[in-house]
Amino acid sequence: MITDLRIHLYEQSALFDGVGEAIRPGGMALTEHALSLCNLGADARLLDVGCGPGAAMAYLSDHYEYRMFGCDLSAQLLQTAHLRGARSVVQAMGEQLPFADGQLDAILTECTLSVMQNADTAIKEFSRILRPSGYLILNDFYVRNPAGMVEMRCLPVDSCLGGALPQADIIPRIERHGFRVMIWEDHTDALRIFTAQLIWEHGSLQQFWCRASSHADPIQVQKAISQAKPGYFLLIAQKGGHNG
Amino acid sequence: MSEPEQVWICDNCNIPLQPDKVDVAYMGNAFPVELLKCPNCGLVFIPEDLALGKMVEVEKQLEDK
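Note that the structure is predicted; figures quoted are calculated from it, not measured.

**Re the environment of Arg144 of chain A**
Residues and elements named next belong to chain A.
Right, so step 1: Along the chain, Arg144 falls in the loop between β6 (130-143) and α5 (149-153).
Right, so step 2: Counting along the chain gives 62 residues from Arg144 to Gln206, while the straight-line C-alpha distance between them is 22 Å.
Right, so step 3: Setting aside residues up to four positions removed in sequence, Arg144 forms contacts with Lys229, Pro230 and Gly231.

Right, here's the structure in full:
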């Protein structure tokens, strides 16, 4: 059954107790790994698109000299970010970012591109606000079995799973907007551990989906997910290249 | 009236087990959880319902490619 009632899973932070501060596979270890692959200056300006409650911003501010900025669509999550000390945060959508052209050295978009309404517009916007050779650091879900994608997109839960695409669609989409993809790494093992942690916290995946949404059928959700075989990837692209 | 909390004693060291962080590993994947552990010898207690319940669920998940 398809319904108009939709749950924003990323705002249900209590559901993710037990998976750590960063509500996504890989946690801060994956973010640090990604940053180690980029040639960024100590005082580089980084924007965390979809910063949520500011866990990554707080961690990176504590451990690096980077100038951190954050944006998120959720006022509820931004309030938490603000309470934990993040000052340079703004309520904005990825498709329309309140930054001047070429202002940033890197953009982090971690498990967020797949929940945006228009990923193409967002990628174009990322390209606009990055300096030449600036980095786009993207980690997110992808679909390992494209035949199962349609059913997963119809689930009444707004999560990264619904907007996940196959690898063959993601790379050209990024490169179309003036980026050169430097690195693609599979991190599906991190997704397995993340899922195991959710099971540990909630007793089973079925229980997790029951708590996540009162109107989503947990069996339907699990069936759709297992058909699409979601994986997790890290992609690093630099502005400029084939088209830029 | 609530029942008093059950105290588990380490058979080796004869001291109470305490909640502590433990890494659970299966098929090369590991993640931290909180379980009862002996603060002296490190013995970890896994109750039967945990072993037959969500541990099985986790194993199935990690086996799924």
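**What to know about the sheet that holds strand β3 (residues 44-45) of chain B**
Residue and element names in this part refer to chain B.
Right, so step 1: In spatial order, the strands read β1-β2-β3; together these 3 strands make up an open sheet with antiparallel pairing. Here the strands that pair on one side only, and so sit at the sheet edges, are β1 (18-26) and β3.
Right, so step 2: With 9 bridges joining them, β1 and strand β2 (residues 29-37) adopt antiparallel strand pairing. When the bridges of β2 are listed, Lys21 appears paired with Glu34.

**Some points on the nonpolar core**
Residues and elements named next belong to chain A.
Right, so step 1: By size, the foremost hydrophobic cluster in this structure holds 71 residues, and its most contacted members are Ala106, Ile107, Leu136, Ile137 and Leu235.
Right, so step 2: Counting residues per element, this core draws most heavily on β6, at 8 residues.
Right, so step 3: Other than its neighbours up to four places away in sequence, Ile137 contacts Ala34, Cys38, Ala106, Ile107, Leu108 and Ile236.

**Digging into the confidence of the model for chain B**
Residue and element names in this part refer to chain B.
Right, so step 1: Confidence in the prediction of chain B, expressed as mean pLDDT, is 87, and 92% of residues score 70 or more.
Right, so step 2: At the low end of the mean pLDDT range in chain B sits helix α2 (residues 54-63), at 84; at the high end sits β3, at 94.
Right, so step 3: If you check the scores for this complex, the pTM reads 0.85 and the ipTM reads 0.77.

**A look at the interface of chain A and chain B**
Right, so step 1: In this complex, chain A contributes 10 residues to the contact, which on the side of chain B involves 9 residues.
Right, so step 2: The residue inventory of the side of chain A that touches chain B, partitioned by class, reads 4 nonpolar, 4 polar and 2 charged.

Criteria and cut-off values
- Residues numbered from 1 in each chain as written.
- Chains lettered and ligands numbered in written order.
- Predicted model: local features only at pLDDT ≥ 70, side-chain atom pairs only at ≥ 80, totals over all residues.
- Helix = DSSP H or I, 4+ residues; strand = E, 2+ residues; numbered from the N terminus.
- Contact = placed C-beta atoms within 7 Å.
- Pairing = 2+ DSSP bridges.
- Core = buried A, V, L, I, M, F, W, Y, C linked by C-beta atoms within 7 Å.
- Buried ≥ 20, exposed ≤ 12 C-beta atoms within 10 Å, placed from the backbone.
- pLDDT = per-residue confidence, 0-100.
- Nonpolar A, V, L, I, M, F, W, Y, C, P; charged D, E, K, R; others polar.

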